[in-house]
Structures are given as C-alpha cells and as structure tokens.
Number of protein chains: 2
Amino acid sequence: MAAKDRKQPRPRAETPKGFRDYFGPEVTERKAMLDRIAEVYHLYGFDALESSAVETVEALGKFLPDVDRPNEGVFAWVDEADGWLALRYDLTAPLARVYAQFRNDLPTPYRRYAMGPVWRNEKPGPGRFRQFYQCDADTVGAPSVAADAEICAMLADTLEAVGIPRGDYVVRINNRKVLNGVLEVAGLLDPTQPDLHAHERGIVLRAIDKLDRLGEGGVRALLGDGRKDESGDFTEGAKLTEEQVEPIMYFVAAGRILDQLMRAYLDAEWEALSGSVPPDFLDSALEIRKILQSEVDENRRSLRASEIRNANAIRYLEQLVERSQLGKDGIEELRQIEKFCRGQGYLADRIVIDPSVVRGLGYYTGPVYEAELTFEIPGEDGKPRQFGSVAGGGRYDDLVKRFTGQAVPATGVSIGVDRLLAALRAKRGEVAPPPGPVVVTVMDRDRMADYLAMVADLRAAGIRAEVYLGNPKNFGNQLKYADRRGAPAAVIQGADEAARGVVQVKDLKLGAEIAAEASLEEWKAQPAQREVPRSGLVDEIRRILGKS
Amino acid sequence: MAAKDRKQPRPRAETPKGFRDYFGPEVTERKAMLDRIAEVYHLYGFDALESSAVETVEALGKFLPDVDRPNEGVFAWVDEADGWLALRYDLTAPLARVYAQFRNDLPTPYRRYAMGPVWRNEKPGPGRFRQFYQCDADTVGAPSVAADAEICAMLADTLEAVGIPRGDYVVRINNRKVLNGVLEVAGLLDPTQPDLHAHERGIVLRAIDKLDRLGEGGVRALLGDGRKDESGDFTEGAKLTEEQVEPIMYFVAAGRILDQLMRAYLDAEWEALSGSVPPDFLDSALEIRKILQSEVDENRRSLRASEIRNANAIRYLEQLVERSQLGKDGIEELRQIEKFCRGQGYLADRIVIDPSVVRGLGYYTGPVYEAELTFEIPGEDGKPRQFGSVAGGGRYDDLVKRFTGQAVPATGVSIGVDRLLAALRAKRGEVAPPPGPVVVTVMDRDRMADYLAMVADLRAAGIRAEVYLGNPKNFGNQLKYADRRGAPAAVIQGADEAARGVVQVKDLKLGAEIAAEASLEEWKAQPAQREVPRSGLVDEIRRILGKS
C-alpha cells in the first residue's frame, strides 16, 4: 500500500470554489450578533424554527431571485428514497412548506424566526459565496398590514440591538400594489386577466430592479427596444410605446425627484424641478421651506424633513396611480403602515416611504421593505459611499397557496447576516482580538501531570487556560506559541522551581508594553516576570488579568 | 395559467424522508445546551471553527463508519466548477482538510471546537435521521497523550455543565494499540508489514464492534467460519484458527470478566471465575475484598472499587499482550492518561479504563474514549436500562497525512447532540413549556394603532408581547390563540374602555388555576380579570408575571 500511495495523487486540501471556512472570532462574533437578534425577535413573540437544510425540489419550487442570471440555481441531486432533493436557497420557501405541512399544529398567525446557512448554486466569484447565513422573521396568516408595520419596527429595534445607532439606518417601505397600479396605468396589467402581458411585466420588473446599476437611461432602453451593454451583448426590451413608458419612468425616477424636491425646499432652486414634478407640488413649496427653516434644533429639523418627504412620496405616488384602484389600495396600505409605526414611536427618521424600493423577488404581493445603513464607508475607489442595504422583505401572499390551494397571507424580512456583520466591523473599526488563554509551558516532560494540575486549577477558577501540548524540547517555540495564541500570561516551572514549590509567571501583555515603550526605571519597577508560590498561581493570574 | 394550475398537481408539503424540522423550544433548548458546551470548550482554550458544509468528495475521503452497511454514504453531486461535491458526514474529515489547508496560519497544536449539522445518506428509518447535529472538540498537532487526557477531563466537565450530575456518567477509555497488540499476538498483525492480513483484521474489528448486538457467541462465529443471522443471511467469517481466536475472545470478554471479578470480590463467589481469569487474579482477591469491606463511606467505597477495577483492567490487558511491544506501549499510554486525569482530580469514579470500548471508526490509532450515562431510563420494553453512550472519540494520527504526506497527530471527541439532549430531557422529566408572550387582543379593528402602542410599551419594558394579527371578528378565537401561545395574560380594550382610558387585563395563568382548583371565595378574592388605567398596563403585567 505504501507503494500504491505514492502513485495515487494526494487529495487537494481545498474548500470547494465559492465556499469558505470561518475561524474563531468570525464564528463567535456572528453568533453574538445572531443572539442579540434572536432576543429582539423573541421579545416580539416570534418562535424559533429550524427546518431541514434539505428539501424536495418539488417543495422548494421556482422562486429564486435573479431568474435571468445564467448560473443561478440550487444544489440538487437524485435520492433513492425521495426523488430530487436540494439544499434550501433561502429560509422563506422552507417556511411555506413547514406551514403547509404543520398548519393544524401551529398557532395562526404563526410568527417564526429562523437563522442558518442557505446555499446558492451560482458561479463562484470574488466575494460571492455559495453558502451564506440568513436570519429571517416572518408572520404567516396575518392579513393586516399591522404585521408589516410590526416587522418594520422590529427591524429598526434589531439594528439598534446589534449596535447600529439611531440615525445611522433607515427602514424604507414601498408597496408592490403601487407598482402594479403603475403597470395597470401603463396598460400592462389587467386585474381581471392576470396572465395578460406577463412576459412584458417580467422584463419591466427586472429592468426596474437594475436601476442602481443601469441608471434611468438604461432602464428606459429596456422598457423600449432593448439595451446593448459594454461587452456588446444585447438584452431584448419590453417594446413599450412612449405612452406606456412614461408612467413607469415617473415611478422609476421617483426617488431622485423626491430627493431633488427636498433639496429645492432648502435651496430654493425650483428651476431644476420644473417639468419633472406635477405643478401643484411646487405650490406649497415656500410654505414647507418656511417650516423647515423655522426649526432650530437639528434633530427636529431632520425629522420634520423626513415627515415632509414621506408626505411628498404619498402625494407623488397618488398622482401616478390615480386611475388604478389597485394602486390606490397600495397607497392606503402605505399610509396605514406609516400610521402604525408612528403610533409605536417609529417616526420618519427611522421608517420612510420610498418608491425606489422594489425588491427583486417575484413573489412579493404587497408591502416591501428594506433596511439601509446610511453611514459612509470608503468604497472600492476610496471615495466614501453609503453602506447600503442589509435586510429586506415584504408580503408574499401566494407561497403557501402552492401547497394548499388556499391563499395564506404572509410577510417577513431577511437579514443579510454577513453584510450586517461587515457593517458592524466597519462601524467599529479595527479592535484588538479577544485575549487568548493563559499558557502553562512544559519545562520537564515527565512532570506533565503537574502542569495539567495547574491548568485544572486555573479553569476551576473560571480562567481560560491551556498546557502546551506540542513538542516541548524548544522552549522558544512554547513562548512563540503563547504569543500566537494572544496569551495574557505564561506559566513556567522547571525542576528548580518545582523543588522550591514556586512557579514563574510571565505577564505577556505587560512584557509587550514594556518592550514597546517603557523606560528602564519602569522596567525595573514592574517586572514582567514574577515568582510566586505554586499555591498562589491562581491569584497571581487573576491579578494580571484584572489589570489588563 | 389558472387552467394549467388545475392540471398540475400541487407540490407535497413534506420534509424529505429522513429529515425533520425543529420547532420553538426544540431549537432553543439545543442552543442553550450547545452554548454551555462551547463555554467549557472555550475555557479549555479551544477556538471555534465553522467549516463549509460542502466539501469536495476528494477531500472528504472514505472514512465513513459502518462500511458494511448497504446504504451508507454521502449526499453528493457533480458541480460545474469543482467536480464532485458532497455534504460533510462528520466534523472530523473537514477539520483534517482545514488543518492541511491553513496549517501555516494556525497555531500548533491547534485546539478547535465545531458544532453544526452533518448529513448521512443512509436509508431513512424510524428515529434515524439523515441530518443531525454534532458537537466536536479536537486537538491537532499534539503527540502527547496529555491531549487525550485533557479531552477526557473536558468531556466530564462538559457533561456536568449541561446538567448531568457526577455519578450519573462515566468516561471510559481504551487504546487501539492494545487491540492491535492482541491482533499481533493472534498473528493477524505484523508491524513491519502493515498490509498483511488487512482483510481478516477488518472482519475482526467489525465483529468486535458488534459485540453488544451479537453477544460473545456471535462474535466468535464471525472470527471463525461465519454467521447466519435470523433472516438466514450468511456473513463470511475471518476463518481464524482456534489458537488465533482465543486471545481475541479474551479481549472481547474482558468487560464481562472484569465485571464478574468485581462482583466476586463483593460476593466471594470465586467459583464462577475459575478458568476465565488468569489464576494470579484470584491471589489478591481476599485482600481486595477486605479493602472494600473496610470502607464504610458509600462514595469512598464506590471510588475505591472503581480504582481496583481500573487496576484490574490494566493487569488483565497486560497479560493479553505481553508478547506484543505495540500492546505494551498501548497499556503504558493508558496508565499515563489515567495518571494525568487523576492529577487533575478526575478520579476513577469519572474516568475508567474499559477494554470493551472499541469505537467503530477505522481511523483511530491510539487512545479511544466514550462517555456513557449510567442512570436508568425505561427501555422500549418498559424495563429500566442504562441510557448509554452520548459521546465518543479517540486519536487519529493519519487523517491529515492524506493531504500533506506528513503524519500529524490528532485526537478529539464528538458529542451526539440529539442523544445528549434526549438524556437531559429524560433526566429532567416533563416540564411546563416556557411562558408565551402577553397577547393584546383586537376589539376594534380601527384602533389597531392603539393596540400596537400597547405592545410597544410592553416590549420597551422587556416584556415579550404580541398583538393579535389574525382576523379579529371572533373574539373567542383570540382567547383560544392566547391559550395556544401559552400567554400569561391577555389585554382587552373595547370602545368603552378606550373612552374611559382603561384596559382589562386577564390573568390567564391564574384563570387556569382558579378554573382548576379554587374555591368560590378564592375566586372572588383573586379576580382573574382586572381593570387598570391604560397608563398602568405595564405595571399590572409586571405584577402578574412577577407572581407566576
């Protein structure tokens, strides 16, 4: 076999492409964050659910986002016992299956939270992983938009609980019904014949979802004949008439226009706006300008501005969908959500109505929402940019219906765990890693039992401690190991110390400080290594840890 | 599409066969237990590692346990980017890959813990799941058996930390080298030609591992010509001579014989033993009997008995392998582990040497260990039986070598999370589920904002609370919901109460108690429903929660 071994190539020690491992603090930091989130979810009455990571392909269905991506998909295989199985690609599709399966045993409404890995069979790329964590909260069986408002409020609480201060985030809400109203106005949606124009609507929705990347011009091209990208690839457009394009582009431009409007109030630059907003928006402009200028308190002015922006958003959307009952229903829901949030103390500085929130997923049917972090971090080009979205969700009333045939209203949010963690790190900046264990070195291999007794004493006192378990021959390696472990202290006991019943305790933190900056006098005054009786070991380590 | 829908069958809402979902307390109880375990592991200097759930099949290798099971295997599929991928079947194979991949960045020795699901593509059966949790701790790069002793001690601490009291568990240790020594004595292993007789050794190891199920007679049959099971299936034997079988059967019978020996000391029934133990074992018997009888304290006598059993085990094994250097090395390691544990205060009541511990996995090369719970639970037949094994592990010095070509010593333990959790539940008995959230009912749909403000107030005070989000028409359904949620209290505010600025608070726990057992006087004295001012809602709920 030794001969055979030489011929067989050794396996590569590599994570599969698009997968990664998480070490030490990466695991415990994420866990601490998820624990905080779970506490908030629990406080809101949500119960934990951990569904199977594996589902039948049949149960998962075809609700993947980004359906026009070439390599999108799931990891799937044929099982002898159960046909096609697949790894879950999100936590929502499994929830729909669980609710349909266990609905007679679950309370209705059913509030549940779930956290865990999901898998996407996408083409691996830099920074794009095929396994990542999600952290969801959903309410199934609640038709009232009070459920959506609750989740928006909870999302705000969650962000504050994990360490994003108020003012550094905003929860943006919108309503798919408003967008559908716009599509109805554009002649692309007939509520009595829901399948008509489905193809064009698909193109329009995907185009709108790409606004960030393509800009208004790119979206407009996709609504018309189509668009050629930088590589020369041509994407077929929806081939709408100019009359159809117009209301959709008003919707697409809403975010930009409402921003301009707010700036105009402050700068009195009305000219930039003429033509892009309905004239009556400018009527009350001078009045609004006065209100904003009369606020001397910065926070109150900012809140007032957000309130005005919310009111403007509603008015703007109202004008877009005034010929669509569906659209008007959507706006009424937005008003209600805003009212429910306000009644609980979540004002416009935290929860805003924003027509630019669309959310890519096809399955949303009502309110959609998104949490955005508004503080700036350096972008790839070095210029500061807003951190951006860390969570999103909405109402999806049809997912359970797939299984049961009966519509079950549901709404929920998914937090992008890795992005939120990255945001917390960016916010916090570099910090020292948590201290490592105390390392008891091995001077005399035959007295291992004594060294083990030392770490046992330390652990019994609640102090994280290790005995050096590598080859003890080279003592320098042991101190290097202690350094690498971030040990606050090292314990040394040779034959001489053992005979005298003492140990040497090396204060590695102090040692590092002294080496870096102390004067000779300080060095002498604070020796980084002290001899203490063996019986005083725990106290000495406590002393060192206490002061560090 | 509506027409098409009708033709397409609806997907089944079913977990795939062999998989399951975990709800509410099932999730949070397991999490609480794993948190306790992680604390102990951390105290011992182990660092968290969360490796990818997906590995290349090449990296996973063929180290599955129970290689003679027909449906054993992994869930695997072909990936466009990376060839064959598979879900991990344990946490050890990924650790070997991680260590080989990142060994230059990791400390050596590397102590790591990991917890998470693993997947086995086995034939699903009642109570046998294809996804389950493991919780492992391993030390890589530590040649000394001090690393094994450390893990045995940590295992004892872990069991106590999660709630298994001392006396209700025992960590049993053995050494593969002793078994290999026995095989050497039987002429089945030549250390200079390790591949010789590999086939027969495989049969012998698997036979020994089935001792529990087959009994000594069944094992003996498999060492000889073979064995026919109840279904008539014939399993080929190792075809050993009687001379070869004898030392192996002495090894197989060791546990039973050592038990008999202990009983004999206490009952002076030497006759049962004659012939089955070497004569000199009986020489000191009367003396040992005297020692045991002289202890009046029950705990000390039990500890002394365990110490004597440990000593007997060593002597017994020594006689079996006296012609094998490998076997003698193994016994020396067992002595050391026992000494290291004793030096840290882990005596023979917690850590015992037990020749019957074999551990099925083929990759163990040295010490093996197992944690067994010794308290009794009712078995399937209603008779009490010992709970049995909840964790096991050992030294596997060759797993990393597959990747790097260099032997890297490693040892570690895996806790069967579901079994340990089941043990804790069995130990604890039925307990009341944790209290649910306070439920604020909806009497008047138009005043939803007011109800939402109530739950917001309660949550701000740290009280878990929900507003009823189902259809509020039927008030009885709302109280049923509160009951199903295990709500300690329900809050009610109709138009009349709202006008008067009050709320009704229903103490559901007290209500249930009164309904069950209170006298009329008590009922009057402690009304289960009280009216309080809206501003006193939080205080009233606090009062109810405080007393329950």
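Our subject is the structure that appears above.
Residues numbered from 1 in each chain as written. Chains lettered and ligands numbered in written order. Predicted model: local features only at pLDDT ≥ 70, side-chain atom pairs only at ≥ 80, totals over all residues. Heavy atoms only, no water.

Engineer: Help me understand the overall build of chain A in this model?
Structural biologist: Secondary structure assignment for chain A yields 22 helices and 19 strands. Buried positions account for 53% of the 548 residues belonging to chain A. Taking contacts inside chain A between residues at least 6 apart in sequence as the whole, the part at least 24 apart equals 68%. Element-wise, carbon and sulfur atoms account for 50% of the exposed surface of chain A, whose accessible area totals about 24,700 Å². (Helix = DSSP H or I, 4+ residues; strand = E, 2+ residues; numbered from the N terminus. Buried < 20%, exposed > 50% of the residue type's maximum accessible area, 1.4 Å probe, protein only. Contact = heavy atoms within 4.5 Å. Areas by Shrake-Rupley, 256 points an atom, 1.4 Å probe, with all protein chains shown as cover.)

Engineer: Sorry, what's going on with the pairing of strand E17 (residues 489-492) of chain A here?
Structural biologist: A regular strand places its side chains on the two faces of the sheet in alternate fashion. All names here are of chain A. The two faces of E17 match: Ala489 and Val491 on one face and Ala490 and Ile492 on the other face are all buried. Pairing between strand E15 (residues 438-440) and E17: two bridges, direction parallel. Bridge pairing links Val439 to Ala490 in E17. Bridging between E17 and strand E18 (residues 502-507) involves four bridges; their strand directions are antiparallel. When the bridges of E18 are listed, Ala490 appears paired with Lys506. (Pairing = 2+ DSSP bridges.)

Engineer: When you look at the interface of chain A and chain B in this model, what are you seeing that I'm missing?
Structural biologist: Interface size, as often reported, equals the accessible area lost upon joining of the parts. Contact with chain A, which involves 107 residues of that partner, is made by 107 residues of chain B. Together chain A and chain B conceal approximately 8,500 Å² of surface at their shared face, both sides included; 54% is due to carbon and sulfur atoms. When the area that chain A buries against chain B is broken down by residue, the three leading residues are Glu50(A), Arg464(A) and Leu469(A), summing to 9%. Along the contact surface separating chain A from chain B lie 18 salt bridges. When the shortest N-O distance is used, the salt bridge between Arg97(B) and Asp21(A) registers 2.7 Å. Our count for the chain A to chain B interface comes out at 54 residue pairs in polar contact (both at pLDDT 80 or more). (Buried area = accessible area lost by both parts, 1.4 Å probe. Salt bridge = Lys/Arg side-chain N within 4 Å of Asp/Glu carboxyl O. Polar contact = N/O pair within 3.5 Å; in protein donor to acceptor, adjacent residues only side chain to side chain.)

Engineer: Quick question: what am I supposed to make of the sheet that holds strand E19 (residues 529-533) of chain B here?
Structural biologist: The pairing of strands in a sheet happens through backbone hydrogen bonds and is either parallel or antiparallel. Residue and element names in this part refer to chain B. Here five strands make up an open sheet; going across it, the order is E16-E15-E17-E18-E19 and the pairing mixed. Either end of the sheet is taken by a strand with one partner, and the two such strands are strand E16 (465-467) and E19. On average, adjacent strands in this sheet sit at an angle of 25° to one another, irrespective of strand direction. Its contacts with the sheet put helix H17 (residues 448-460) on strand E15 (438-440), E16, strand E17 (489-492) and strand E18 (502-507), and the angle it makes with E16 is roughly 175°. (Axes fitted to C-alpha atoms, helices over the stretch in contact; angles between N-to-C directions.)

Engineer: Teacher, can you tell me more about the pattern of salt bridges here?
Structural biologist: A side chain of one charge can pair with a side chain of the opposite charge if their charged atoms are brought near each other. As enumerated under the stated definition, the model contains 90 salt bridges over all chains in all. Residue Arg20(A) is joined to Glu26(A) by a salt bridge in which the shortest nitrogen-to-oxygen separation is 2.8 Å. Under the relative-accessibility criterion, Arg20(A) is labelled partly exposed at 26%. Classification of Glu26(A) as partly exposed rests on a relative accessible area of 25%. Close ionic contact of Arg111(B) with Glu150(B) constitutes a salt bridge, the shortest N to O distance being 2.9 Å. Of this pair, Arg111(B) sits in strand E6 (residues 110-119) while Glu150(B) sits in helix H5 (residues 146-162), and the two are 39 residues apart along the sequence. Of the two residues examined, Arg111(B) and Glu150(B), each falls in the buried class. If you follow the salt bridges from partner to partner, you end up with Asp47(A), Arg111(A), Glu150(A), Arg459(B), Arg464(B), Glu466(B) and Arg485(B) in one network.

Engineer: Help me understand the side chain of Arg459(B), please; the structure alone is not making it clear to me.
Structural biologist: Mapped onto the elements of the fold, Arg459(B) is located in helix H17. A relative accessible area of 5% places Arg459(B) in the buried class. Contacts of Arg459(B), omitting those with residues within four sequence positions, involve Leu43(A), Tyr44(A), Glu150(A), Gln344(A), Ala465(B) and Glu466(B).

Engineer: Sorry, what's going on with the packing of helix H2 (residues 25-43) of chain A against helix H16 (residues 417-428) of chain A here?
Structural biologist: Relative placement of two packed helices is described by the angle separating their axes and the distance separating the axes. Residue and element names in this part refer to chain A. Running from N to C, H2 and H16 point in directions that differ by 105°, and their axes come no closer than 11 Å. Between H2 and H16, the angle is such that the two are roughly perpendicular. Contact residues: H2 offers Glu26, Glu29, Arg30, Met33, Leu34 and Ile37, while H16 offers Val417, Asp418, Leu420, Leu421, Leu424, Arg425 and Arg428. Each residue belonging to the contact of H2 with H16 can be placed in one class, and the counts come to seven nonpolar, no polar and six charged. (Parallel < 35°, antiparallel > 145°, perpendicular 65-115°, else oblique. Nonpolar A, V, L, I, M, F, W, Y, C, P; charged D, E, K, R; others polar.)

Such coordinate-based values are descriptive only and should not be taken to indicate function.
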